[in-house]
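Structural description and commentary
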Amino acid sequence: MNEEEMKNMEEEETLDQQENEASDSVADEDTVASDSVADNESADTEAPAEEEEEKDPLEQAQAEIEQLKTQILYKTAEFDNYRKRTLKEKAELILNGGEKAVSAILPVIDDMERALANGEKTDDPAVLREGMELIYNKMMKALESLGVKKIDTDNADFDTDMHEAVAMVPGMGDDKKGKVIDCLQAGYQLNDKVIRHAKVAVGQ
């Protein structure tokens, strides 16, 4: 091999080396560009996710607000129904509140009618008196079933909560001072509430 052929071979090797280096440089640039594009795509993907995370609390708050609004509307409607029902029950109570009392007294009225009818058949005062006592006792039991009771005045201490003094009786002695001497009109309580004070004479 002469000197000229060797020179040509060296030039060819140099050209091949330069081509390989150029090819490697292009490949490196493509790799860098590809990585840059991937990074940009990753950044674009993460950005909406972050935006969604930022929107989640707001959407959650709005959902809670809607839920609270629904609950308030439900409670308002429920209270309105309760108010209407209460007013209706109150009106019915005012209108028919005496039904229980009337029902308790009706049997006594029946007895009184029978007593009047039987009174025409006899002139015996004892029979009439016995009939009146039976009716009176039945009436008192009916009142007791309704929570009505008679205020006790027999030898009772004068009590302004229960009694109304209509007369003062002097000279009754120290043991009768401040005591009920006589009851002129009976008093009554309804479930421990005085509905009529007993009118009494009090020792002075």
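To keep things clear, this report deals only with the structure shown in the data block. (Residues numbered from 1 in each chain as written. Predicted model: local features only at pLDDT ≥ 70, side-chain atom pairs only at ≥ 80, totals over all residues. Heavy atoms only, no water.)

**Focus on the overall build of the protein chain**
Under the convention used in this document: Strands are runs of DSSP state E lasting at least two residues, helices are runs of H or I lasting at least four, and both sets are numbered from the N terminus onward. Residue exposure (1.4 Å probe, protein chains only): buried if accessible area is under 20% of the type maximum, exposed if over 50%, otherwise partly exposed. Only the protein chains shown count as covering a residue, and every accessible area follows the Shrake-Rupley method with a 1.4 Å probe.
A tally of regular secondary structure across the protein chain gives 3 helices and 6 strands. Along its sequence from the N terminus, the protein chain presents helices and strands in the succession α-α-α-β-β-β-β-β-β. With 204 residues in all, the protein chain has 12% of them scored as buried. Here the protein chain has roughly 16800 Å² of accessible surface; of this, 53% comes from carbon and sulfur atoms.

**Focus: the sheet that holds strand β4 (residues 188-190)**
To be explicit about the condition: We call two strands paired when DSSP finds no fewer than two bridges between them. Orientation is described by axes fitted as lines to C-alpha atoms, over the contacting stretch for helices, and by angles from 0 to 180 degrees between their N-to-C directions.
The sheet built from 3 strands is open, its strands ordered β1-β4-β5 with antiparallel pairing. Unpaired on one side and paired on the other, β1 (148-150) and β5 (193-196) mark the two borders of the sheet. Shown here is a sheet whose adjacent strand axes are inclined to one another by a mean of 35°, direction ignored. Inspection of the sheet shows β4 paired to β5 by 3 bridges, in the antiparallel sense.

**Things to note about the pattern of salt bridges**
Basically, it comes down to this: Here, a salt bridge means any side-chain nitrogen of Lys or Arg that lies within 4 Å of a carboxyl oxygen of Asp or Glu.
Scanning all chains against the criterion turns up 8 salt bridges. In this structure, the salt-bridge partner of Lys 138 is Asp 111, at a minimum N-O distance of 3.0 Å. Here the residue Lys 138 occupies a position in helix α3 (residues 125-145), and Asp 111 occupies one in helix α2 (residues 99-119), the gap between them amounting to 27 residues. Residue class for Asp 111 comes out buried when judged on its relative accessible area of 16%. Lys 149 is the salt-bridge partner of Asp 192, the closest N and O atoms lying 3.6 Å from each other. Here Asp 192 is found in the loop between β4 and β5, whereas its partner Lys 149 is found in strand β1, with 43 residues between them in sequence. Accessibility expressed as a relative area gives 60% for Asp 192, which makes it exposed. Using a relative accessible area of 41% as the deciding quantity, one classes Lys 149 as partly exposed.

**A few points about the sheet that holds strand β6 (residues 198-203)**
Sheets are built from strands that pair by backbone hydrogen bonding, the pairs being arranged parallel or antiparallel. Ordered by their spatial adjacency, 3 strands build an open sheet running β2-β6-β3, and the pairing between neighbours is mixed. Every interior strand has two partners, whereas the edge strands, β2 (163-169) and β3 (180-185), have only one. Averaged over all adjacent pairs, the angle separating strand axes in this sheet is 30°, with direction ignored. Note: β3 against β6, 4 bridges, orientation antiparallel.

**Some thoughts on α2**
Our working definition: Between the first and last residue of a helix there are one fewer steps than residues, each counted as 1.5 Å, and that sum is the expected span. The quantity called bend is, for any residue, the angle between two axes fitted respectively to the seven residues ending at it and the seven beginning at it. We call two residues contacting when some pair of their heavy atoms lies within 4.5 Å.
With 21 residues, α2 should reach 30 Å at 1.5 Å per residue; the first-to-last C-alpha distance of 30 Å fits that figure. At Leu 106, α2 shows its largest kink, close to 30°, and the proline Pro 107 lies no more than four residues downstream. Of all the residues in α2, the buried ones are Ala 104, Val 108 and Asp 111. Of the surrounding elements, those touching the buried residues of α2 are α3.

**Some thoughts on the environment of Met 139**
Within the secondary structure, Met 139 sits in helix α3. Met 139 gets classed as partly exposed once you look at its relative accessible area, which sits at 24%. Considered as a pair, Met 139 and Ile 105 are 34 residues apart in the sequence and their alpha carbons are 7.0 Å apart. When neighbours within four sequence positions are excluded, Met 139 is seen to be in contact with Ile 105 and Val 108.

**Points about the packing of aromatic side chains**
Which entries qualify depends on this criterion: To pair, rings of Phe, Tyr and Trp, with the six-membered ring standing in for Trp, must have centres within 6.5 Å; the planes then decide the type, stacked if under 30 degrees apart, edge-to-face if over 60, and tilted in the middle.
Here the structure, examined in full by the defined rule, presents 1 aromatic pair. Both rings, one in Phe 79 and one in Tyr 82, keep their centres 6.5 Å apart while their planes meet at 40°; by these two values the pair is tilted. Here Tyr 82 and Phe 79 lie together in helix α1 (residues 3-96), a separation of 3 residues that amounts to about one turn. Here Phe 79 falls in the exposed class, since its relative accessible area comes to 54%. For Tyr 82, a relative accessible area of 46% puts it in the partly exposed group.

Purely geometric stuff here, so don't read any function into it on its own.
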